[in-house]
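Understanding the architecture of this molecule
Listed below are the residues making up each chain.
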Amino acid sequence: EKKFAEAKQPLETMRRLYPNDASGDGHLVLLARVHRELKETSQERTVLESLAKLTDDSVDLFARLAELTSQSNEWEATRQFAQRWLAVSPLQPAPHRLAAEAAEKLHDDRLAIDSYRAMLLLNPVDVADLHLKLATALQRSGDFPSAKRHALLALDEAPRFRAAHKRLLEILQ
């Protein structure tokens, strides 16, 4: 009936009585949904994090936590939740995208390179941009031959891509 405010109290009671219920339709999932519907983001995140401690295979849980942490610019937490998401579902581009974003913010070139390479294998829409991002991460890591190759691949996809031209010139210097 969408009476979310009224559902909070019984769910909190169930949480106290059964703190380790990690079922997909259990009270923790319902309580997180109630907090989300009521726009109580910090409480939702607290519930989801407690649920994450109890499970290791919930794609929806890790996706939501990665989304929440990236929105609040908590990149270390985003990296952790994106990697947990990838451990469960590695063939989706979204967790690779979040992992790459977190890696860029944390200056983790190894993770950025791995994420961009994985995204290229998943038939992306903007291939040129991914090659450019990969070239940039490879350049930062000191792998200039691979960086040059990916800058050229970006230009192969989009010959007038100015950022790729600029990156190639920087690599060649």
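Keep in mind that this is a model prediction, so the values were computed, not measured. (Residues numbered from 1 in each chain as written. Predicted model: local features only at pLDDT ≥ 70, side-chain atom pairs only at ≥ 80, totals over all residues. Heavy atoms only, no water.)

**Let's talk about the overall build of the protein**
A count of helical and extended segments in the protein gives ten helices and zero strands. Starting at the N terminus, the α and β elements of the protein follow one another as α-α-α-α-α-α-α-α-α-α. With respect to the three principal axes, the spread of C-alpha positions in the protein is 65 × 25 × 25 Å. With 173 residues in all, the protein has 42% of them scored as buried. Here the contacts in the protein between residues at least 6 apart in sequence split such that 42% fall between residues at least 24 apart. Accessible surface for the protein amounts to roughly 10,200 Å². Of this, 52% is attributable to carbon and sulfur atoms. Looking at the protein, you have 25 positive and 26 negative side-chain charges, and the mean spots of the two groups are 4 Å apart. (Helix = DSSP H or I, 4+ residues; strand = E, 2+ residues; numbered from the N terminus. Buried < 20%, exposed > 50% of the residue type's maximum accessible area, 1.4 Å probe, protein only. Contact = heavy atoms within 4.5 Å. Areas by Shrake-Rupley, 256 points an atom, 1.4 Å probe, with all protein chains shown as cover. Lys, Arg positive; Asp, Glu negative; His and termini not counted. Charge placed at Lys NZ, Arg CZ, Asp CG, Glu CD.)

**Structural notes on the packing of helix H2 (residues 27-37) against helix H3 (residues 41-52)**
Contact geometry for H2 and H3: axes closest at 8 Å, N-to-C directions at 160°. Considered as vectors, H2 and H3 are oriented roughly antiparallel to each other. The chirality of how H2 crosses H3 is left-handed. Between H2 and H3, the contacting residues are Leu28, Val29, Leu31, Ala32, His35 and Arg36 on the first element and Gln43, Glu44, Val47, Leu48, Ser50 and Leu51 on the second. Here the contact of H2 with H3 is composed, by residue class, of seven nonpolar, three polar and two charged. (Axes fitted to C-alpha atoms, helices over the stretch in contact; angles between N-to-C directions. Parallel < 35°, antiparallel > 145°, perpendicular 65-115°, else oblique. Left-handed = near helix turned anticlockwise from the far one by under 90°. Nonpolar A, V, L, I, M, F, W, Y, C, P; charged D, E, K, R; others polar.)

**Re the environment of Leu38**
Here Leu38 shows up in the loop between H2 and H3. Residues in contact with Leu38, not counting those within four places in the same chain, are Phe4, Ala5 and Lys8.

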